[in-house]
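Listed below are the residues making up each chain.
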Amino acid sequence: MTNDLVLTQEEARFETLIQGLLTEGHGTCPDFIDPLTVNGLRSNLLQHKQNGDMRPAGISRQFDYQRNAEVRGDVIRWIENDTTDVFELLVLSKIQAFITYLNRTCYTSINDFEFHYAYYEQGSFYKRHLDQFKSDKGRKYSLVMYLNEDWLESDGGKLSLYHPDGTQEDVTPTGGRAVFFESDKVEHEVHPSLNRYRLSIAGWLKQV
């Protein structure tokens, strides 16, 4: 396989996300992350969970555990931009390439990003919300990448996207799939997984 072919395939994945956002209000790509990288990132996440390295996520800058637990039930660990982990480097490199392509083709002026692992226990959820803080308009686009293995419809845990025109789209969190949407326009909700834990990497493309 030539480098040119790899680049063409990568750009096709980026285009799938961008065109979906432009025409449907969100983009999805079923194979945004290759299986080997998905497996490595999944192992990282589960190791962090086993080590006790993940913490409850906040819903605002004023963290209140009880109030947050009523809205969301995931625990997270941030991925540092200067990581030395090979699989984290691969996914961050892909995100940076996507930003470069997005800026070049859509003139978006994205110049920063932040991403974290997210672990949802069976039955945990994240109620309907927007990703952008009222006091911080830096988050422009949300990108979620799933790390689940052999996910079934019967497992639940879907992501519901609520578009400004009143339409709703449900996305099954199968491993390797990515979802892309505007942080300040698309409300979304993570439904409880019924049979197992649910794994992802989530974050934002930003202007700072």
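Analysis parameters
- Residues numbered from 1 in each chain as written.
- Predicted model: local features only at pLDDT ≥ 70, side-chain atom pairs only at ≥ 80, totals over all residues.
- Heavy atoms only, no water.
- Pairing = 2+ DSSP bridges.
- Helix = DSSP H or I, 4+ residues; strand = E, 2+ residues; numbered from the N terminus.
- Contact = heavy atoms within 4.5 Å.
- Axes fitted to C-alpha atoms, helices over the stretch in contact; angles between N-to-C directions.
- Salt bridge = Lys/Arg side-chain N within 4 Å of Asp/Glu carboxyl O.
- Buried < 20%, exposed > 50% of the residue type's maximum accessible area, 1.4 Å probe, protein only.
- Expected span 1.5 Å × (residues − 1).
- Phe/Tyr/Trp six-rings, centres within 6.5 Å; stacked < 30°, edge-to-face > 60°.

1. Quick notes on the sheet that holds strand 11 (residues 198–206)
Then, in step 1: If you walk across this open sheet you meet the seven strands as 1-9-6-11-4-3-2, and the pairing is antiparallel. On the outer flanks of this sheet lie strand 1 (27–29) and strand 2 (55–56), each paired with one strand and no other.
Then, in step 2: As paired strands, strand 3 (residues 75–79) and strand 4 (residues 112–120) are joined by five bridges and run antiparallel to one another. From the neighbouring strand, Arg-77 faces strand 4, where its bridge partner is Tyr-117.
Then, in step 3: Where helix 2 (residues 35–51) meets the sheet, its contacts fall on strand 3, strand 4, strand 6 (139–146) and strand 11, and the angle it forms with strand 4 comes to roughly 65°.
Then, in step 4: Where helix 4 (residues 86–106) meets the sheet, it contacts strand 3, strand 4, strand 6, strand 9 (178–182) and strand 11, and its direction lies at approximately 135° from that of strand 4.

2. Here's the deal with the environment of Pro-192
Then, in step 1: Mapping Pro-192 onto the fold places it in the loop between strand 10 (187–190) and strand 11.
Then, in step 2: In sequence terms Pro-192 and Gly-157 are 35 residues apart; their C-alpha atoms lie 4.9 Å from each other.
Then, in step 3: Excluding its chain neighbours within four sequence positions, the residues that come into contact with Pro-192 are Gly-123, Ser-124, Phe-125, Gly-156 and Gly-157.

3. Thoughts on the pattern of salt bridges
Then, in step 1: Enumeration according to the criterion identifies 13 salt bridges in this entry.
Then, in step 2: A salt bridge links Glu-149 to Arg-42, with the shortest nitrogen-to-oxygen separation between them at 3.9 Å. One end of the pair, Glu-149, is in the loop between strand 6 and strand 7 (159–162); the other, Arg-42, is in helix 2, and 107 residues separate them in sequence.
Then, in step 3: Look at the salt bridges and you will find they share partners, linking Glu-10, Arg-13, Asp-31 and Lys-94 into a network.

4. Considering the sheet that holds strand 10
Then, in step 1: With antiparallel pairing, the four strands of this open sheet are ordered in space as 5-10-7-8. Since the sheet does not close on itself, it has two edges, and those belong to strand 5 (126–129) and strand 8 (168–171), each with one partner. Ignoring which end each strand starts from, the neighbouring axes of this sheet average 15° apart.
Then, in step 2: Of the strand pairs in this sheet, strand 7 and strand 8 are connected by four bridges, and their pairing is antiparallel. Along strand 8, the bridge assignment pairs Ser-160 with Asp-170.

5. What about the pairing of strand 6?
Successive residues of a regular strand alternate their side chains across the two faces of the sheet.
Then, in step 1: Counting buried residues in strand 6 gives seven out of eight residues, a clear majority hidden from the surface.
Then, in step 2: Here strand 6 pairs with strand 11 via seven bridges, running antiparallel. If you follow Tyr-141 over to strand 11, its bridge partner there is Leu-205.
Then, in step 3: With five bridges connecting them, strand 6 and strand 9 associate as antiparallel partners. Bridge pairing in strand 9 links Met-145 to Ala-178.

6. Here we look at helix 4
Then, in step 1: With 21 residues, helix 4 should cover 30 Å at 1.5 Å per step; its first-to-last C-alpha distance of 30 Å lies within 8% of that length.
Then, in step 2: Downstream of helix 4 by one or two residues, Tyr-107 has phi in the positive range, about 55°.

7. Re the packing of aromatic side chains
Then, in step 1: What the rule picks out here adds up to nine aromatic pairs.
Then, in step 2: When the ring of Phe-98 is compared with that of Phe-180, the centres are 5.0 Å apart and the planes differ by 70°; the resulting orientation is edge-to-face. Taken together, the residues Phe-98 in helix 4 and Phe-180 in strand 9 connect sequence positions 82 residues apart. With respect to class, Phe-98 is no different from Phe-180; both count as buried.
Then, in step 3: Each ring, one from Tyr-141 and one from Phe-180, has its centre 5.2 Å from the other, and the planes form 25°; the classification is stacked. Taken as a pair, Tyr-141 in strand 6 and Phe-180 in strand 9 lie far apart in primary sequence, 39 residues in all.
Then, in step 4: Using a relative accessible area of 14% as the deciding quantity, one classes Tyr-141 as buried.

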